[in-house]
Structures are given as structure tokens and as C-alpha cells.
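Residues per chain, in single letters:
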Amino acid sequence: MRRNQLYAISGIVALLGSAWIVLNYFQVSIPLSCPFKSVTSLPCPSCGTTTGIVELLKGNYAMAALGNPLSYLLLLMAVTVIPWILGDILFKTDTFYRFFLVAESKLRMPKFYMPLIIILLLVWANNLFGIFHHLFC
């Protein structure tokens, strides 16, 4: 992927995601639901992430973990990506692009992608069975 494509796609996704969180934070009614859950009646690995991020923004850290533990990572990405891209554009650098290339090459190796798959499966198991629910309630 070329630099400008990465910056455009990442910027648009980060802005849309941030807008989604803001709307949910202020409890604007949005008639969208998880397509996976709509079809299967089962939560997907990312179900609860919006709730988790909103709880993080409210300072409810345990409730955020109950919503979805991935909320912590996605909030960090949301507040990092836009300033990082804007900084690269402003200072005519490509640090975000170089970071992406290194991360992409690392994630092609099993020693990096297998732990991520395991974490994702654990989060999904938690969404399906409430495994971690007893830790916070």
C-alpha cells in the first residue's frame, strides 16, 4: 500500500470511528447493530467495544473491560492515529507509514500473529460466555 493511500484510509477510518464514539458517548440514537450478531444471534469478537470505549471515557475502567477488553487498544489507536498522520503531513515525514510497514512485516510471522489470534479468540470466548464477567462483578 502506498503512503497516501494508507494515510487516507487510516484517517477516514479513525475519523469515522471517533465520530461513532462521540455519538455514542452523548447517547445519540443510532439504529445500527453488529451484522454478525444480526445474522447469527451471537456476539462477534468486537461486540461491546463501543460500550467499552464510552465507559473508558467516563472513567469506568472495570466496566470498559466488561464491555470488551479490546476497547483499551482501540481508544489508544483512535487518539494516536489522527495526530500522528497530521504530524507527518505537517512536518513532511513518513513515520506512520514506516511504522505500518514494519508492523505489517512482523505480523506475517507466526510468532507475532499467533498470540494476537489467541487474544482475539479469548476475547470472543469472553463475549460468548462471559468468562471474565465474574472478575469485575
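The structure presented is a predicted model; accordingly, all values stated were derived computationally and were not measured.

What is the right way to look at the environment of F26 in this model?
In this structure, F26 sits in the loop between α1 (3-25) and α2 (35-40). Relative accessible area serves as the criterion here: at 59%, F26 is assigned to the exposed category.

Would you mind going over the pattern of salt bridges with me for this structure?
A side chain with one charge may pair with a side chain of the opposite charge, provided their charged atoms come close. With the rule as written, the count across this model stands at 2 salt bridges. A salt bridge links D94 to R98, with the shortest nitrogen-to-oxygen separation between them at 2.8 Å. Residue D94 is classed as partly exposed on the basis of its relative accessible area, which comes to 28%. Judged by relative accessible area, R98 falls into the partly exposed class, the value being 46%. Ionic pairing is found between R108 and E104, a salt bridge with its closest N-O pair at 3.6 Å.

What's the story with the environment of S46 in this structure? I'm lost.
Here S46 lies in the loop between α2 and α3 (49-57). Once the C-alpha coordinates of S46 and L57 are considered, the two residues, 11 residues apart in sequence, prove to be 18 Å apart. In this view, S46 contacts N68 and N127; residues no more than four positions away in its chain are not counted.

Looking at this structure, I do not really get the packing of aromatic side chains. What am I missing?
Think of a pair of aromatic rings as described by two things: how far the centres are apart, and how the planes are tilted against each other in angle. One pass over the full model with this rule turns up 5 aromatic pairs. Note on Y7 and F96: the rings are 5.6 Å apart at their centroids and 75 degrees apart in plane angle, and the pair reads as edge-to-face. Linking Y7 in helix α1 with F96 in helix α6 (residues 95-106), this pair joins segments that are 89 residues apart in sequence. The exposure class of F96 is buried, given its relative accessible area of 8%. Ring geometry for F36 against W124: centres 5.9 Å apart, planes inclined by 75 degrees, an arrangement best described as edge-to-face. Linking F36 in helix α2 with W124 in helix α7 (residues 110-129), this pair joins segments that are 88 residues apart in sequence. The class of F36 is partly exposed, set by a relative accessible area of 33%. Overall, the relative accessible area of 27% leaves W124 in the partly exposed class. One aromatic cluster is present, formed by Y7, W84, F96 and F99 through successive ring pairs. The aromatic ring of Y7 is capped on one face by R3, whose charged end is 4.3 Å from the ring centroid.

Cut-off values and rules
- Residues numbered from 1 in each chain as written.
- Predicted model: local features only at pLDDT ≥ 70, side-chain atom pairs only at ≥ 80, totals over all residues.
- Heavy atoms only, no water.
- Helix = DSSP H or I, 4+ residues; strand = E, 2+ residues; numbered from the N terminus.
- Buried < 20%, exposed > 50% of the residue type's maximum accessible area, 1.4 Å probe, protein only.
- Salt bridge = Lys/Arg side-chain N within 4 Å of Asp/Glu carboxyl O.
- Contact = heavy atoms within 4.5 Å.
- Phe/Tyr/Trp six-rings, centres within 6.5 Å; stacked < 30°, edge-to-face > 60°.
- Lys NZ or Arg CZ within 6 Å of the ring centre and 35° of its normal.

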